[in-house]
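Structural features, examined
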Amino acid sequence: EAKGNYILCMDSDLQHPPEVAPELIRTIISSKKDIVVASRYIPGGGADGLGTAYRKFASHVCRVLAWIFLPQTRKTTDPGSGFFIMQRDLVKDVSFGGLRGFKILIDVLSRTPWSQVDEVPYVFRKRENETSKATLEQGYQYILHLLHLRKQTIELVREERRQEREYLNRSLSEKKTSDTMSG
């Protein structure tokens, strides 16, 4: 269990340059945002480490699909980034049931629609010691996961609205009772 105030997420294969981590920390402290994303898609960033045109195209399609299915992910230019920092308290009481390990940031954003996001640029490095794990099967699983998160998000919104209605009805009922007794 994390004990500090922040949780930093990054890949261990050095495609995420560790020297950007201090900038993530400085930015989350100074901006007072909930999440700071290291983005490949803002000025100063770059996705050259993706290598082939196919992988760059696939990355773009995955971003667009996330934005379409999960509007909360539009808070960042890089919802598929695996390099970000967040306030630990942001996810303290969040249930991550159904987490499938694709893109943790997408899961966090979909389950914390109130979160505020900032970004810092980084250049995604070329994979040095292994080949990409991206396959068509993974793409299919990613789409299924987005649909799963979409369903969960819709259920979360419905439950919040139900609770709001319940609270308002209870408040109105208590007010009517109070008015009846005093009048």
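Above this text sits the structure in question.
Worth saying up front: this structure is predicted, and the values here are computed from it rather than measured. Per chain, residues are indexed from 1 in the order of the written sequence. Given that the model is predicted, a residue must reach a pLDDT of at least 70 before its local features are reported, and side-chain atom pairs must reach 80 or more before they are shown or counted; all residues, however, enter totals for whole chains, interfaces and linings. In computing side-chain values, all of the structure's heavy atoms are included and hydrogens and water are not.

**Thoughts on the overall build of the chain**
For helices the rule is a DSSP run of H or I covering at least 4 residues; for strands it is a run of E covering at least 2, with both sets numbered from the N terminus onward. If you tally the helices and strands in the chain, you get four helices and four strands. Counting from the amino terminus, the chain carries its helices and strands in the arrangement β-α-β-α-β-α-β-α. As a reference, a globule follows 2.2 Å times the number of residues to the power 0.38, and the radius of gyration itself is taken over C-alpha atoms. Compactness check: the chain gives a C-alpha radius of gyration of 20 Å against a globular reference of 16 Å for 183 residues, more than 25% above the reference. Principal-axis analysis of the C-alpha atoms places the extent of the chain at approximately 75 × 35 × 30 Å. When the 183 residues of the chain are sorted by exposure, 33% land in the buried category. When contacts within the chain are restricted to residue pairs at least 6 apart in sequence, those whose partners lie at least 24 apart make up 77%. A total accessible area of about 11,200 Å² is found for the chain, and carbon and sulfur atoms account for 56% of it. The rule is simple: take the accessible area with a 1.4 Å probe, protein chains only, and divide by the maximum for that residue type; under 20% is buried, over 50% is exposed, in between is partly exposed. Residue contacts are counted whenever heavy atoms from the two residues lie within 4.5 Å of one another. Residue-level accessible areas treat just the shown protein chains as cover; the underlying method is Shrake-Rupley with a 1.4 Å probe.

**What to know about the sheet that holds strand 2 (residues 35–39)**
Paired through their backbone hydrogen bonds, the strands of a sheet run either parallel or antiparallel. Any two strands with at least two DSSP bridges between them are considered paired. Taken together, the four strands give an open sheet; going across it, the order is 1-3-2-4, and neighbouring strands pair in mixed fashion. With one partner strand each, in any of the chains shown, strand 1 (6–9) and strand 4 (117–121) form the two edges of the open sheet. Between one strand and the next, the sheet's axes are offset by a mean angle of 15 degrees, whatever the strand orientation. In this sheet, strand 3 (residues 84–87) lies alongside strand 2 in antiparallel orientation, the contact comprising three bridges. What sits directly across from V37, in strand 3, is F84. Sheet strands in contact with helix 3 (residues 104–111) are strand 1, strand 2, strand 3 and strand 4, and its direction is about 145 degrees off that of strand 2. In this description, a line fitted to the C-alpha atoms serves as the axis of each element, helices being fitted only across the stretch in contact, and the angle between N-to-C directions of two axes falls anywhere from 0 to 180 degrees.

**Some points on the side chain of R111**
Relative to the assigned elements, R111 resides in helix 3. There is a polar contact of 2.7 Å between the side chain of R111 and the side chain of Q152. Polar contacts, as used here, are pairs of N or O atoms within 3.5 Å; protein pairs need one atom able to donate a hydrogen and one able to accept it. Residues neighboring in sequence count only if both atoms are side-chain atoms.

**Here we look at the packing of aromatic side chains**
Aromatic rings in a pair are described by how distant their centres are and how their planes are angled relative to each other. Pairing of aromatic side chains here covers Phe, Tyr and the six-membered ring of Trp, requires ring centres within 6.5 Å, and sorts the geometry by plane angle: under 30 degrees stacked, over 60 edge-to-face, intermediate tilted. Using the criterion set out here, one finds two aromatic pairs in the structure. Taken together, a centroid distance of 5.4 Å and an interplanar angle of 90 degrees make the contact between F83 and Y122 edge-to-face. Taken together, the positions of F83 in the loop between helix 2 (53–69) and strand 3 and Y122 in the loop between strand 4 and helix 4 (136–182) put the pair 39 residues apart, joining distant regions of the chain. Considering the side-chain rings of Y122 and F124, the 6.4 Å spacing of their centres and the 85 degrees angle between planes classify their relative orientation as edge-to-face. Across the pair, exposure class does not vary: Y122 and F124 are buried alike. Lysine NZ or arginine CZ positioned within 6 Å of the ring centre and within 35 degrees of the ring normal marks a charge as sitting over the ring. Over the ring of F124 we find R40, and its NZ or CZ is 5.2 Å from the ring centre. A cation sits over an aromatic face here: R63 above Y41, 3.8 Å from the ring centre.

**Focus: helix 2**
Here helix 2 contains 17 residues, and its C-alpha end-to-end distance of 24 Å stays within 8% of the 24 Å for a straight helix at 1.5 Å per residue. Every buried residue belonging to helix 2 is among R55, S59, R63, L65 and A66, and all of these are buried. The buried side chains of helix 2 occupy one side of the element, clustering within an arc of 165 degrees when seen end-on. Exposed and oriented more than 90 degrees from the buried face of helix 2 are A53, F57 and I68. How far a helix is expected to stretch is found by multiplying one less than its residue total by 1.5 Å. Starting at the helix axis, one direction is taken to each C-beta atom, and the arc is that of these directions.

**So, the environment of L147**
Mapped onto the fold, L147 is located in helix 4. Each C-alpha atom, one on L147 and one on A38, is 25 Å from the other, the two residues being 109 residues apart in sequence.

**Quick look at the pattern of salt bridges**
Counted as salt bridges are all cases of a side-chain nitrogen of Lys or Arg within 4 Å of a carboxyl oxygen of Asp or Glu. Enumeration over the complete set of coordinates arrives at seven salt bridges. Notably, a salt bridge pairs E19 with R125, separated by 2.3 Å at the nearest N-O pair. You can see E19 sitting in the loop between strand 1 and helix 1 (21–31) and its partner R125 sitting in the loop between strand 4 and helix 4, a full 106 residues away along the chain. With a relative accessible area of 31%, R125 lands in the partly exposed category. Sharing partners across several salt bridges, the network here consists of R162, E166 and R170.

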